[in-house]
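Reading the structure
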Amino acid sequence: MTASTIERDQDAGATSTRYHYTRVVEIAGRTVRARLERGVYRNHSGAVAEVLTDQDWSTLAADDLNNWWHDTPPPSVDVDAAAVLGPLAERLLHRAAEILTAPPPTVTLSPHLYRAVSALLATSSGYNAECRIDPNDITWATDNGGTLHIFENPDGSVTFTKAHRDECAFVASKGGQDCDDECYFDLPSRI
Ligand SMILES: [Zn+2]
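This one's a predicted model, so the numbers in the text were calculated from it and none came from an experiment. (Residues numbered from 1 in each chain as written. Predicted model: local features only at pLDDT ≥ 70, side-chain atom pairs only at ≥ 80, totals over all residues.)

1. With respect to the sheet that holds strand 3 (residues 30-39)
To be explicit about the condition: Should DSSP find at least two bridges between two strands, the strands are taken to pair. Secondary structure is summarised from DSSP: a helix means a run of H or I of at least four residues, a strand means a run of E of at least two, and numbering begins at the N terminus for each. Where helices are involved, their axes are fitted lines through C-alpha atoms of the stretch in contact, as for all axes, and angles between N-to-C directions lie from 0 to 180°. Any two residues are considered in contact once their C-beta atoms, placed from the backbone, lie within 7 Å.
In spatial order, the strands read 1-2-3-4-5; together these 5 strands make up an open sheet with antiparallel pairing. The outermost strands of the open sheet, each flanked by one partner alone, are strand 1 (5-14) and strand 5 (56-62). Along the sheet, successive strands turn relative to each other by an average axial angle of 20°, direction set aside. In this structure, strand 1 lies alongside strand 2 (residues 18-27), joined through 9 bridges in antiparallel fashion. Looking at the pairing, alanine 12 lines up with tyrosine 21 of strand 2. Running over the sheet, helix 1 (residues 81-101) touches strand 1, strand 2, strand 3, strand 4 (46-53) and strand 5 and is turned about 35° from strand 2.

2. A look at the nonpolar core
Here is the rule: Connectivity within a nonpolar core runs through C-beta atoms within 7 Å, and the core itself is a set of buried Ala, Val, Leu, Ile, Met, Phe, Trp, Tyr and Cys residues. With C-beta atoms placed from the backbone, the exposure class of a residue follows from how many other C-beta atoms lie within 10 Å of its own: 20 or more, buried; 12 or fewer, exposed; in between, partly exposed.
Core analysis: the largest hydrophobic core is formed by 20 residues, its most contacted members being Val32, Ala49, Ala89, Leu92, Leu93 and Ala96. Counting residues per element, this core draws most heavily on helix 1, at 7 residues. With residues near it in sequence (within four places) discarded, alanine 49 still touches Val32, Ala34, Leu60, Ala61, Leu92, Leu93, Arg95 and Ala96.

3. What about the confidence of the model for the protein chain?
Convention followed: On a scale of 0 to 100, pLDDT captures the predictor's confidence in every residue.
In this model, the protein chain carries an average pLDDT of 91, and 95% of its residues clear a pLDDT of 70 or more. Averaged pLDDT values for the elements of the protein chain fall to 88 in helix 3 (residues 135-143) and rise to 97 in strand 2.

4. Focus on the pairing of strand 2
In this antiparallel pair of consecutive strands, strand 1 and strand 2, the connection spans 3 residues. Relative to strand 3, strand 2 runs antiparallel, the two sharing 10 bridges. Following the sheet pairing, tyrosine 21 is matched in strand 3 by leucine 36. Hairpin geometry of strand 2 and strand 3 is characterised by an intervening segment of 2 residues between the two adjacent antiparallel strands and by a positive phi of about 50° at alanine 28.

5. Some remarks on the pairing of strand 7 (residues 158-161)
Both strand 6 (residues 149-152) and strand 7 contribute to a ladder of 4 bridges, which runs antiparallel. Bridge assignment links phenylalanine 151 to a residue of strand 7, and that residue is threonine 159. Following strand 6, the chain reverses through 5 residues before pairing antiparallel with strand 7; glycine 156 in that reversal takes a positive phi of roughly 95°.

Below, the structure is given as structure tokens:
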């Protein structure tokens, strides 16, 4: 973990139908908890890192069940929940620390931008599209290509782009100037 992580609390337990492990830490002054639960069934299981904001926990990162569920033992009172789920909590808290210490630019969703997101979904996946983005996809999109930049252009159009480096002239000018032609990103290992 990072140097600014302070341990606050942890809790673990196991029954014949579930076991859980919760670890609460302070990262860069924010209270963050990793909450992991392994039930008999997949839909009684989950792994999330959450940050405390205004008395509410909001999700920072989540670990897809496919990444760990089959590698963990089925519930039993003999399971050492902290030993089994502790490494997963550590991984989630590490991702949470990365997010909190290098926050992405805050995006305010104006009504126009909200409708532009609707158009992005509709034009890419159909006018009545529904799309559920899994935690793995979010991590993959964050790790590959450029940071998402959104420009509301003077003519009412909206540009969504992951094609440029943050220091590219196109990004610095919010779409006013052309790309400096030095924006290359490694090809992702998973499409
Ligand atoms: Zn560029």
